[in-house]
Amino acid sequence: MGLAAFVVVMGFALVFAPSVFAADTDLGPLPALKVDEKKAELGKLLFFDKRIAGNAARSCSECHNPTKGFGDGMALSEGYPGTQHWRNAQTLLNAAHQKDLHWPGSQGDLDTSIRTHVTGWILMNDDGRALEERMILVPEYRNRFKEVYKINRHPMFGQIMGALSEFVKTLTSDPKKVPFDRYLGGDKSALTPQQVQGLDLFKGKANCAACHNGPLLSDKGYHNTGVPTHPELLTNPLRQIAARLENMTIGVSGYDTMIEDLGRYMYTKNKKDIRKFRTPSLREAKYTAPYMHNGTLATLADVVEFYNAGGGNDSNKDAALKPLGLTAEEKAALVAFLQGLSSDTSPYVDAQPAKYGEEGYPYQALKINEGKPWVKKDPRD
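Below, the structure is looked at part by part. None of these values were measured; they are calculated from a predicted model.

The biggest cluster of nonpolar side chains holds 42 residues, and the ones touching the most others in it are Leu46, Val118 and Phe145. Elements that contribute at least two residues to this core include exactly helix H1 (37-47), helix H2 (110-119), helix H3 (128-136), helix H4 (139-149), helix H5 (157-169) and helix H9 (237-249). Among the elements that take part in this core, H5 stands out by supplying seven residues, more than any other. If near-sequence neighbours (up to four positions away) are discounted, Val118 is found in contact with Ile52, Met124, Asn125, Asp126, Leu131, Phe157, Met161 and Leu164. Ranked by size, the runner-up nonpolar core spans 33 residues in total, among them Ala190, Leu199, Val227 and Leu326.

Dropping the structure here:
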(Lines give C-alpha, C1' and ligand atoms only; values in the text may rest on other atoms or scores of the structure.)
Protein backbone atom coordinates (compact mmCIF):
# COMPACT_ATOMS: atom_id res chain seq x y z
CA MET A 1 0.00 0.00 0.00
CA GLY A 2 1.61 3.18 -0.92
CA LEU A 3 4.96 1.78 -0.20
CA ALA A 4 2.91 -1.08 0.93
CA ALA A 5 1.42 -4.43 0.43
CA PHE A 6 -0.70 -5.91 3.05
CA VAL A 7 -1.35 -9.50 3.63
CA VAL A 8 -4.43 -11.28 4.91
CA VAL A 9 -2.87 -14.14 6.57
CA MET A 10 -5.94 -14.67 8.18
CA GLY A 11 -4.57 -11.30 8.16
CA PHE A 12 -2.30 -9.21 6.04
CA ALA A 13 1.14 -8.23 5.54
CA LEU A 14 3.40 -5.69 4.14
CA VAL A 15 4.50 -2.53 2.58
CA PHE A 16 7.12 -2.17 -0.08
CA ALA A 17 8.42 0.68 -2.16
CA PRO A 18 6.25 1.39 -5.19
CA SER A 19 6.80 -0.93 -8.11
CA VAL A 20 5.37 -1.39 -11.57
CA PHE A 21 2.74 -4.12 -11.49
CA ALA A 22 2.05 -6.50 -14.33
CA ALA A 23 -1.22 -6.97 -16.19
CA ASP A 24 -4.50 -7.74 -14.43
CA THR A 25 -4.39 -11.30 -15.74
CA ASP A 26 -1.50 -12.00 -13.35
CA LEU A 27 -3.95 -11.72 -10.46
CA GLY A 28 -6.22 -14.66 -11.23
CA PRO A 29 -8.24 -16.80 -11.39
CA LEU A 30 -6.89 -19.85 -9.64
CA PRO A 31 -6.14 -22.81 -11.89
CA ALA A 32 -8.26 -25.91 -11.49
CA LEU A 33 -6.62 -28.73 -9.57
CA LYS A 34 -6.76 -32.34 -10.67
CA VAL A 35 -8.88 -34.13 -8.09
CA ASP A 36 -9.70 -37.81 -7.61
CA GLU A 37 -13.42 -37.46 -6.86
CA LYS A 38 -13.86 -40.80 -5.08
CA LYS A 39 -10.80 -40.21 -2.93
CA ALA A 40 -12.03 -36.68 -2.12
CA GLU A 41 -15.47 -38.02 -1.16
CA LEU A 42 -13.81 -40.46 1.23
CA GLY A 43 -11.69 -37.63 2.60
CA LYS A 44 -14.80 -35.56 3.23
CA LEU A 45 -16.24 -38.31 5.46
CA LEU A 46 -12.98 -38.47 7.38
CA PHE A 47 -12.81 -34.67 7.71
CA PHE A 48 -16.04 -34.59 9.71
CA ASP A 49 -15.40 -37.79 11.70
CA LYS A 50 -14.34 -37.26 15.32
CA ARG A 51 -12.57 -40.62 15.34
CA ILE A 52 -9.67 -38.94 13.53
CA ALA A 53 -8.50 -37.44 16.85
CA GLY A 54 -6.66 -39.31 19.57
CA ASN A 55 -9.60 -39.12 21.95
CA ALA A 56 -12.07 -39.95 19.14
CA ALA A 57 -13.96 -36.78 20.02
CA ARG A 58 -12.52 -34.08 17.75
CA SER A 59 -12.95 -33.71 14.00
CA CYS A 60 -10.93 -31.61 11.55
CA SER A 61 -14.04 -29.47 11.08
CA GLU A 62 -13.90 -28.15 14.65
CA CYS A 63 -10.95 -25.88 13.88
CA HIS A 64 -11.77 -25.66 10.16
CA ASN A 65 -15.50 -25.09 10.20
CA PRO A 66 -17.24 -24.65 6.81
CA THR A 67 -19.57 -22.03 8.32
CA LYS A 68 -16.60 -19.98 9.52
CA GLY A 69 -14.59 -19.85 6.32
CA PHE A 70 -12.91 -23.15 7.19
CA GLY A 71 -11.27 -21.51 10.21
CA ASP A 72 -12.69 -21.38 13.72
CA GLY A 73 -13.57 -17.68 13.98
CA MET A 74 -11.38 -17.18 17.05
CA ALA A 75 -8.30 -15.00 17.40
CA LEU A 76 -6.27 -17.85 18.89
CA SER A 77 -7.29 -21.43 18.26
CA GLU A 78 -8.23 -23.91 20.92
CA GLY A 79 -5.89 -26.88 21.03
CA TYR A 80 -6.39 -30.55 21.84
CA PRO A 81 -8.19 -30.97 25.21
CA GLY A 82 -5.81 -29.84 27.94
CA THR A 83 -3.92 -27.49 25.59
CA GLN A 84 -4.43 -24.13 23.92
CA HIS A 85 -2.77 -22.97 20.71
CA TRP A 86 -0.90 -19.69 20.39
CA ARG A 87 -1.83 -18.91 16.77
CA ASN A 88 -4.89 -18.29 14.65
CA ALA A 89 -6.36 -21.28 12.80
CA GLN A 90 -5.78 -20.60 9.10
CA THR A 91 -8.50 -21.17 6.55
CA LEU A 92 -8.30 -24.27 4.37
CA LEU A 93 -9.92 -22.44 1.46
CA ASN A 94 -7.39 -22.51 -1.40
CA ALA A 95 -4.77 -24.02 0.92
CA ALA A 96 -3.89 -26.60 -1.72
CA HIS A 97 -2.52 -23.78 -3.90
CA GLN A 98 0.04 -22.64 -1.32
CA LYS A 99 3.70 -23.56 -1.70
CA ASP A 100 4.21 -23.93 2.05
CA LEU A 101 1.66 -24.45 4.78
CA HIS A 102 1.29 -23.00 8.28
CA TRP A 103 2.09 -19.45 9.35
CA PRO A 104 5.88 -19.85 9.39
CA GLY A 105 5.94 -22.17 6.37
CA SER A 106 6.92 -25.15 8.47
CA GLN A 107 5.19 -27.72 6.24
CA GLY A 108 6.28 -28.08 2.63
CA ASP A 109 3.16 -29.72 1.19
CA LEU A 110 -0.46 -30.46 1.93
CA ASP A 111 0.01 -34.15 2.81
CA THR A 112 2.71 -33.31 5.36
CA SER A 113 0.60 -30.55 6.87
CA ILE A 114 -2.38 -32.86 7.32
CA ARG A 115 -0.23 -35.57 8.88
CA THR A 116 1.16 -32.98 11.30
CA HIS A 117 -2.34 -31.89 12.23
CA VAL A 118 -3.57 -35.41 12.88
CA THR A 119 -0.57 -36.53 14.94
CA GLY A 120 0.47 -33.24 16.61
CA TRP A 121 0.00 -33.30 20.37
CA ILE A 122 -1.58 -29.84 20.44
CA LEU A 123 -3.85 -30.45 17.44
CA MET A 124 -5.46 -33.91 17.18
CA ASN A 125 -2.94 -36.03 19.05
CA ASP A 126 -3.64 -39.30 17.26
CA ASP A 127 -1.40 -42.26 16.52
CA GLY A 128 -1.30 -43.52 12.95
CA ARG A 129 -1.43 -47.15 14.03
CA ALA A 130 -4.46 -46.56 16.24
CA LEU A 131 -6.18 -44.71 13.41
CA GLU A 132 -5.62 -47.65 11.07
CA GLU A 133 -7.24 -49.98 13.59
CA ARG A 134 -10.24 -47.68 13.86
CA MET A 135 -10.69 -47.69 10.11
CA ILE A 136 -10.52 -51.49 10.02
CA LEU A 137 -13.45 -51.72 12.43
CA VAL A 138 -15.70 -49.41 10.39
CA PRO A 139 -17.16 -51.48 7.51
CA GLU A 140 -18.02 -48.38 5.45
CA TYR A 141 -14.42 -47.16 5.58
CA ARG A 142 -12.96 -50.61 5.06
CA ASN A 143 -15.00 -51.05 1.90
CA ARG A 144 -14.39 -47.53 0.60
CA PHE A 145 -10.62 -47.77 1.04
CA LYS A 146 -10.59 -51.07 -0.86
CA GLU A 147 -12.54 -49.47 -3.69
CA VAL A 148 -10.66 -46.18 -3.85
CA TYR A 149 -7.14 -47.50 -3.40
CA LYS A 150 -7.67 -50.87 -5.09
CA ILE A 151 -6.30 -52.72 -2.08
CA ASN A 152 -7.11 -56.09 -0.57
CA ARG A 153 -5.95 -55.26 2.93
CA HIS A 154 -6.75 -52.80 5.70
CA PRO A 155 -6.41 -49.02 5.16
CA MET A 156 -2.92 -47.59 5.77
CA PHE A 157 -2.16 -44.34 7.55
CA GLY A 158 -0.72 -42.71 4.43
CA GLN A 159 -3.88 -43.52 2.49
CA ILE A 160 -6.03 -41.96 5.21
CA MET A 161 -3.94 -38.79 5.04
CA GLY A 162 -4.06 -38.84 1.25
CA ALA A 163 -7.84 -38.96 1.23
CA LEU A 164 -8.05 -36.00 3.59
CA SER A 165 -5.61 -34.10 1.39
CA GLU A 166 -7.69 -34.83 -1.70
CA PHE A 167 -10.77 -33.36 -0.01
CA VAL A 168 -8.91 -30.15 0.86
CA LYS A 169 -8.02 -29.80 -2.84
CA THR A 170 -11.72 -29.39 -3.59
CA LEU A 171 -11.91 -26.25 -1.40
CA THR A 172 -10.84 -23.97 -4.24
CA SER A 173 -12.60 -20.69 -5.07
CA ASP A 174 -14.89 -20.96 -8.06
CA PRO A 175 -14.06 -18.06 -10.45
CA LYS A 176 -17.69 -17.90 -11.58
CA LYS A 177 -18.68 -17.00 -8.01
CA VAL A 178 -15.95 -14.42 -7.30
CA PRO A 179 -16.71 -10.83 -8.46
CA PHE A 180 -13.06 -10.02 -9.13
CA ASP A 181 -12.56 -13.11 -11.28
CA ARG A 182 -15.69 -12.29 -13.26
CA TYR A 183 -14.37 -8.76 -13.72
CA LEU A 184 -11.07 -10.06 -15.08
CA GLY A 185 -13.05 -12.35 -17.35
CA GLY A 186 -14.67 -9.36 -19.05
CA ASP A 187 -17.74 -8.64 -16.93
CA LYS A 188 -16.98 -5.03 -16.01
CA SER A 189 -20.20 -4.80 -14.00
CA ALA A 190 -18.96 -7.45 -11.56
CA LEU A 191 -17.17 -4.79 -9.49
CA THR A 192 -18.80 -1.59 -8.29
CA PRO A 193 -17.19 1.77 -9.12
CA GLN A 194 -15.94 1.91 -5.53
CA GLN A 195 -14.34 -1.53 -5.89
CA VAL A 196 -12.69 -0.52 -9.16
CA GLN A 197 -11.21 2.45 -7.31
CA GLY A 198 -9.99 -0.02 -4.70
CA LEU A 199 -8.39 -2.14 -7.43
CA ASP A 200 -6.51 0.92 -8.71
CA LEU A 201 -5.27 1.59 -5.17
CA PHE A 202 -4.37 -2.06 -4.75
CA LYS A 203 -2.06 -1.88 -7.75
CA GLY A 204 -1.03 1.76 -7.36
CA LYS A 205 -0.90 4.03 -4.32
CA ALA A 206 -1.45 1.24 -1.82
CA ASN A 207 0.78 -1.15 -3.82
CA CYS A 208 -0.74 -4.21 -2.17
CA ALA A 209 0.10 -6.14 -5.33
CA ALA A 210 3.80 -6.05 -4.40
CA CYS A 211 3.07 -8.95 -2.04
CA HIS A 212 -0.39 -10.00 -3.17
CA ASN A 213 0.02 -11.10 -6.76
CA GLY A 214 -0.52 -14.12 -8.96
CA PRO A 215 -3.71 -16.20 -9.00
CA LEU A 216 -3.46 -16.86 -5.25
CA LEU A 217 -2.96 -13.16 -4.48
CA SER A 218 0.11 -14.05 -2.43
CA ASP A 219 3.83 -13.84 -3.14
CA LYS A 220 4.18 -16.96 -0.95
CA GLY A 221 6.97 -15.19 0.91
CA TYR A 222 7.55 -14.22 4.56
CA HIS A 223 7.37 -10.75 6.08
CA ASN A 224 7.51 -8.98 9.44
CA THR A 225 4.97 -6.17 9.53
CA GLY A 226 5.05 -5.44 13.24
CA VAL A 227 1.90 -7.29 14.22
CA PRO A 228 1.68 -6.94 18.03
CA THR A 229 1.86 -9.94 20.34
CA HIS A 230 -1.56 -11.18 21.36
CA PRO A 231 -2.09 -10.32 25.07
CA GLU A 232 -3.07 -13.91 25.86
CA LEU A 233 0.37 -15.17 24.92
CA LEU A 234 1.73 -12.95 27.69
CA THR A 235 -0.77 -14.06 30.32
CA ASN A 236 -2.17 -17.51 29.51
CA PRO A 237 0.03 -20.37 30.83
CA LEU A 238 -1.51 -22.98 28.51
CA ARG A 239 -0.70 -20.96 25.41
CA GLN A 240 2.82 -20.35 26.70
CA ILE A 241 3.32 -24.07 27.30
CA ALA A 242 2.35 -24.82 23.70
CA ALA A 243 4.63 -22.15 22.23
CA ARG A 244 7.57 -23.06 24.47
CA LEU A 245 7.30 -26.78 23.76
CA GLU A 246 7.24 -26.11 20.02
CA ASN A 247 10.38 -23.99 20.35
CA MET A 248 12.09 -26.66 22.44
CA THR A 249 11.15 -29.47 20.05
CA ILE A 250 12.69 -27.76 17.03
CA GLY A 251 15.80 -26.61 18.85
CA VAL A 252 15.28 -22.89 19.40
CA SER A 253 17.94 -21.58 21.75
CA GLY A 254 16.58 -19.92 24.89
CA TYR A 255 13.14 -21.49 24.54
CA ASP A 256 12.90 -21.82 28.33
CA THR A 257 12.68 -18.05 28.80
CA MET A 258 10.58 -17.35 25.71
CA ILE A 259 6.97 -16.22 25.59
CA GLU A 260 6.84 -14.71 22.10
CA ASP A 261 6.11 -16.06 18.64
CA LEU A 262 9.31 -15.92 16.58
CA GLY A 263 7.60 -17.01 13.35
CA ARG A 264 9.79 -18.32 10.55
CA TYR A 265 12.95 -17.91 12.62
CA MET A 266 11.89 -20.95 14.64
CA TYR A 267 12.64 -23.13 11.61
CA THR A 268 15.40 -21.28 9.76
CA LYS A 269 17.34 -20.02 12.85
CA ASN A 270 18.17 -16.98 10.71
CA LYS A 271 17.77 -13.75 12.69
CA LYS A 272 16.50 -11.98 9.58
CA ASP A 273 13.41 -14.21 9.84
CA ILE A 274 12.43 -13.23 13.39
CA ARG A 275 8.65 -12.69 13.56
CA LYS A 276 8.18 -13.15 9.84
CA PHE A 277 5.05 -14.99 8.71
CA ARG A 278 3.85 -16.36 5.40
CA THR A 279 1.90 -14.10 3.07
CA PRO A 280 -1.56 -15.63 2.96
CA SER A 281 -3.95 -15.44 0.11
CA LEU A 282 -6.40 -12.52 0.08
CA ARG A 283 -9.02 -14.76 -1.48
CA GLU A 284 -12.13 -15.39 0.63
CA ALA A 285 -10.83 -12.94 3.27
CA LYS A 286 -14.38 -11.67 3.71
CA TYR A 287 -15.19 -14.93 5.50
CA THR A 288 -11.99 -15.63 7.43
CA ALA A 289 -11.86 -13.00 10.20
CA PRO A 290 -10.16 -12.30 12.53
CA TYR A 291 -6.87 -11.58 10.78
CA MET A 292 -3.12 -11.95 11.19
CA HIS A 293 -1.22 -14.92 12.59
CA ASN A 294 -2.66 -14.23 16.02
CA GLY A 295 -6.06 -12.76 15.19
CA THR A 296 -5.27 -9.33 16.63
CA LEU A 297 -7.17 -7.45 13.90
CA ALA A 298 -10.90 -8.07 13.87
CA THR A 299 -12.00 -6.64 10.50
CA LEU A 300 -10.71 -5.82 7.03
CA ALA A 301 -11.08 -2.15 7.92
CA ASP A 302 -8.79 -2.73 10.92
CA VAL A 303 -6.22 -4.34 8.63
CA VAL A 304 -6.28 -1.46 6.16
CA GLU A 305 -5.94 1.03 9.01
CA PHE A 306 -3.02 -0.94 10.46
CA TYR A 307 -1.06 -0.74 7.21
CA ASN A 308 -2.16 2.80 6.48
CA ALA A 309 -0.39 3.70 9.73
CA GLY A 310 2.76 1.94 8.55
CA GLY A 311 2.26 -1.34 10.40
CA GLY A 312 3.25 -1.97 13.99
CA ASN A 313 6.39 -1.52 16.05
CA ASP A 314 9.03 -4.23 15.84
CA SER A 315 12.82 -4.14 15.83
CA ASN A 316 12.88 -6.50 12.83
CA LYS A 317 10.02 -4.90 10.88
CA ASP A 318 10.53 -4.46 7.13
CA ALA A 319 12.18 -1.08 6.63
CA ALA A 320 10.00 -0.32 3.61
CA LEU A 321 6.86 -0.38 5.72
CA LYS A 322 5.76 3.25 6.03
CA PRO A 323 2.53 5.23 6.51
CA LEU A 324 0.41 5.27 3.36
CA GLY A 325 -1.55 8.47 3.67
CA LEU A 326 -4.81 6.96 2.44
CA THR A 327 -7.91 9.11 2.78
CA ALA A 328 -11.10 7.82 4.40
CA GLU A 329 -12.60 7.40 0.93
CA GLU A 330 -9.57 5.44 -0.28
CA LYS A 331 -9.57 3.17 2.75
CA ALA A 332 -13.25 2.39 2.22
CA ALA A 333 -12.61 1.66 -1.47
CA LEU A 334 -9.77 -0.69 -0.59
CA VAL A 335 -11.94 -2.60 1.88
CA ALA A 336 -14.70 -2.84 -0.73
CA PHE A 337 -12.25 -4.25 -3.28
CA LEU A 338 -10.95 -6.82 -0.78
CA GLN A 339 -14.50 -8.00 -0.25
CA GLY A 340 -14.77 -8.44 -4.02
CA LEU A 341 -11.96 -11.00 -3.85
CA SER A 342 -14.32 -13.34 -1.99
CA SER A 343 -17.12 -15.51 -3.32
CA ASP A 344 -20.65 -14.09 -3.43
CA THR A 345 -21.53 -16.36 -0.50
CA SER A 346 -19.27 -18.24 1.87
CA PRO A 347 -17.99 -21.20 -0.17
CA TYR A 348 -18.58 -24.85 0.66
CA VAL A 349 -20.69 -24.18 3.77
CA ASP A 350 -22.69 -27.29 2.82
CA ALA A 351 -19.61 -29.54 2.72
CA GLN A 352 -20.69 -31.58 5.74
CA PRO A 353 -22.25 -34.86 4.56
CA ALA A 354 -25.71 -35.79 5.77
CA LYS A 355 -24.33 -39.09 7.02
CA TYR A 356 -20.89 -39.28 8.64
CA GLY A 357 -19.06 -40.17 11.84
CA GLU A 358 -19.79 -42.94 14.28
CA GLU A 359 -23.54 -42.37 14.29
CA GLY A 360 -23.65 -42.70 10.51
CA TYR A 361 -20.95 -45.33 10.11
CA PRO A 362 -20.51 -47.21 13.40
CA TYR A 363 -17.75 -49.50 14.50
CA GLN A 364 -18.35 -53.21 14.02
CA ALA A 365 -16.46 -55.92 15.84
CA LEU A 366 -14.74 -58.44 13.57
CA LYS A 367 -15.83 -62.09 13.66
CA ILE A 368 -17.58 -61.71 17.00
CA ASN A 369 -21.00 -60.70 18.25
CA GLU A 370 -22.54 -62.33 15.18
CA GLY A 371 -21.62 -59.32 13.10
CA LYS A 372 -23.95 -56.99 15.00
CA PRO A 373 -22.89 -53.36 15.30
CA TRP A 374 -21.09 -52.53 18.52
CA VAL A 375 -22.95 -49.98 20.62
CA LYS A 376 -21.41 -47.70 23.20
CA LYS A 377 -22.55 -48.55 26.72
CA ASP A 378 -22.28 -46.71 30.00
CA PRO A 379 -19.57 -48.64 31.97
CA ARG A 380 -21.65 -48.19 35.11
CA ASP A 381 -24.46 -50.33 33.70
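This part takes up a nonpolar patch on the surface. There is a patch of nonpolar side chains on the surface, built from Trp121, Leu238 and Ile241 and spanning about 250 Å² of accessible area. Looking at the secondary structure, you find Ile241 in helix H9. Using a relative accessible area of 47% as the deciding quantity, one classes Ile241 as partly exposed.

Position of Asn308 relative to the elements: it lies in helix H11 (residues 300-308). What makes Asn308 buried here is its relative accessible area of 10%. Sequence-distant contacts of Asn308, defined by excluding residues within four places in its chain, comprise Pro323, Leu324, Gly325, Leu326 and Lys331.

Once that is clear, we can look at the pattern of salt bridges. Counted according to the given criterion, the structure contains 16 salt bridges. Arg283 is the salt-bridge partner of Asp181, the closest N and O atoms lying 2.9 Å from each other. Of this pair, Asp181 sits in helix H6 (residues 179-184) while Arg283 sits in the loop between strand E2 (277-278) and H11, and the two are 102 residues apart along the sequence. For Arg283, a relative accessible area of 3% gives the class buried. Each of Glu78, Glu232 and Arg239 takes part in a single network of salt bridges with overlapping partners.

On to H3. Along H3, the residues classified as buried are Gly128, Leu131, Glu132, Arg134, Met135 and Ile136. Where H3 is buried, its residues touch H1, H2, H4 and H5.

Moving on, we come to the packing of aromatic side chains. In total, this model carries nine aromatic pairs according to the counting rule given. A ring pair is formed by Phe47 and Phe48, whose centres lie 5.1 Å apart and whose planes are at 75°; its orientation type is edge-to-face. Taken as a pair, Phe47 and Phe48 share a single burial class, namely buried. Feature note: the residues Phe47, Phe48, Phe70, Phe167 and Tyr356 constitute an aromatic cluster, connected by ring pairs. Across from the ring centre of Tyr222, 3.9 Å away, lies the NZ or CZ of Arg264, which sits over that ring.

Going through the model one piece at a time under the given rule, you end up with zero disulfides. Residue Cys63 stays outside any disulfide, its sulfur separated by 9.2 Å from that of Cys60, the closest cysteine. Its relative accessible area of 17% is what places Cys63 among the buried residues. Note on Cys211: no disulfide assigned, nearest cysteine sulfur contributed by Cys208 at a separation of 9.2 Å.

About the thresholds
Residues numbered from 1 in each chain as written. Predicted model: local features only at pLDDT ≥ 70, side-chain atom pairs only at ≥ 80, totals over all residues. Heavy atoms only, no water. Core = buried A, V, L, I, M, F, W, Y, C linked by side-chain atoms within 4.5 Å. Buried < 20%, exposed > 50% of the residue type's maximum accessible area, 1.4 Å probe, protein only. Helix = DSSP H or I, 4+ residues; strand = E, 2+ residues; numbered from the N terminus. Contact = heavy atoms within 4.5 Å. Patch = residues over 30% accessible without salt bridge, like charges linked within 9 Å, V, L, I, M, F, W, Y side chains within 5 Å. Areas by Shrake-Rupley, 256 points an atom, 1.4 Å probe, with all protein chains shown as cover. Salt bridge = Lys/Arg side-chain N within 4 Å of Asp/Glu carboxyl O. Phe/Tyr/Trp six-rings, centres within 6.5 Å; stacked < 30°, edge-to-face > 60°. Lys NZ or Arg CZ within 6 Å of the ring centre and 35° of its normal. Disulfide = S-S within 2.5 Å.

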